[in-house]
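# Structure at a glance
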Amino acid sequence: MAWFHTNFAGWSKLWEPLFAKATSMVWRPLLVCPADQRWDSKPNATLIGDAAHVMPPYAGEGVNMAMLDALVLSRALLSATDIASAIASYEAEMFARMQHMTEDTMSNTEMFYAPDASERVVNMFRSFAGAAAVTSA
Ligand SMILES: Cc1cc2nc3c(=O)[nH]c(=O)nc-3n(C[C@H](O)[C@H](O)[C@H](O)COP(=O)(O)OP(=O)(O)OC[C@H]3O[C@@H](n4cnc5c(N)ncnc54)[C@H](O)[C@@H]3O)c2cc1C
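Everything in this summary refers to the structure shown in the same document. This one's a predicted model, so the numbers in the text were calculated from it and none came from an experiment. (Residues numbered from 1 in each chain as written. Predicted model: local features only at pLDDT ≥ 70, side-chain atom pairs only at ≥ 80, totals over all residues. Heavy atoms only, no water.)

### Some words on the overall build of the protein chain
Within the protein chain, the secondary structure is distributed over six helices and zero strands. Starting at the N terminus and walking to the C terminus, you meet the elements of the protein chain as α-α-α-α-α-α. For the protein chain, whose C-alpha radius of gyration is 20 Å, the value lies well above the compact-globule estimate of 14 Å for 137 residues. Each of the 137 residues in the protein chain was classed as buried or not, and the buried ones make up 24%. Counting only carbon and sulfur atoms, one obtains 64% of the accessible surface of the protein chain, whose full area is about 9,500 Å². Here the protein chain carries 9 positive and 14 negative side-chain charges, and the mean point of each set is 9 Å from the other. (Helix = DSSP H or I, 4+ residues; strand = E, 2+ residues; numbered from the N terminus. Rg over C-alpha atoms; globule rule 2.2 N^0.38 Å. Buried < 20%, exposed > 50% of the residue type's maximum accessible area, 1.4 Å probe, protein only. Areas by Shrake-Rupley, 256 points an atom, 1.4 Å probe, with all protein chains shown as cover. Lys, Arg positive; Asp, Glu negative; His and termini not counted. Charge placed at Lys NZ, Arg CZ, Asp CG, Glu CD.)

Encoded structure:
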């Protein structure tokens with residue numbers, strides 16, 4: 001608890017039971033690949049999911065990205081004439097999707113850690129509700 005009070009001075013007492021019961025604390029880094037990461041396609045090996053494009057969880061898209069990688073790659077393998085071109089076509093689609101999603105994620109990451117985070121996050125969720133209302137009208 002002393003550790004919590006020292007490092008998180010001013011935080012709500014709401015968190016205290018959580019830290020009071022913690023027997024140890026392990027800091028884990030949140031890793032991110034460069035948004036414009038590319039590699040030369042190999043004829044017989046590729047990467048999917050976090051192995052291909054690890055990013056912080058602030059867009060909540062890591063699982064979708066991993067599943068979509070598997071789907072896009074499996075479709076490419078079923079439709080291409082050879083494995084090398086299936087891998088190249090999967091990677092072209094995945095790199096473009098990864099770039100967009102990593103940029104989105106990093107913009108959310110900046111927002112979540114900003115001094116005015118609570119205001120901006122609430123506004124972001126309100127904007128989703130507005131978009132849904134417009135769509136369903
Ligand atoms: C704190 C946090 C919150 C997140 N929240 C969300 C969220 O809300 N929504 C979302 O969509 N995504 C979220 N993510 C991201 C999501 O968890 C990942 O993008 C997703 O799990 C990636 O799936 P994967 O199969 O590529 O990798 P993993 O889920 O990491 O699977 C890899 C597996 O390989 C195993 N493995 C590793 N090395 C070896 C080896 N040598 N031999 C055998 N097995 C091995 C590992 O044990 C693991 O089970 C979050 C991530 C974190 C860290």
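### Section: the packing of aromatic side chains
In the structure shown here, the tally under the stated rule is 13 aromatic pairs. Note on Trp 3 and Phe 19: the rings are 6.0 Å apart at their centroids and 40° apart in plane angle, and the pair reads as tilted. In this pair, Trp 3 sits in helix H1 (residues 2-7) while Phe 19 sits in helix H2 (residues 16-21), placing the two residues 16 residues apart along the sequence. The class of Phe 19 is buried, set by a relative accessible area of 18%. Three or more aromatic residues link up through ring pairs in this structure, and these residues are Trp 3, Phe 4, Phe 8, Trp 11, Trp 15, Phe 19 and Trp 27. (Phe/Tyr/Trp six-rings, centres within 6.5 Å; stacked < 30°, edge-to-face > 60°.)

### A closer look at the site of the ligand
Looking at the ligand, the residues that line it are Gly 49, Asp 50, Pro 57, Gly 60, Glu 61, Gly 62, Val 63 and Ala 66. At 3.3 Å from an oxygen atom of the ligand is found a main-chain nitrogen or oxygen belonging to Gly 62. Here Val 63 contributes a backbone N or O atom positioned 2.9 Å from an oxygen atom of the ligand. If the ligand stood free it would expose 1,000 Å²; the protein chains cover 29% of that surface. In terms of residue count, the dominant contributor to the shell around the ligand is helix H4 (residues 62-79) (three residues). Residues belonging to the shell around the ligand are distributed by class as follows: three nonpolar, three polar and two charged. (Near = heavy atom within 4 Å. Polar contact = N/O pair within 3.5 Å; in protein donor to acceptor, adjacent residues only side chain to side chain. Nonpolar A, V, L, I, M, F, W, Y, C, P; charged D, E, K, R; others polar.)

### Structural notes on the environment of Gly 60
One can find Gly 60 in the loop between helix H3 (50-53) and H4. For Gly 60, a relative accessible area of 57% gives the class exposed. Considered as a pair, Gly 60 and Thr 105 are 45 residues apart in the sequence and their alpha carbons are 8.3 Å apart.

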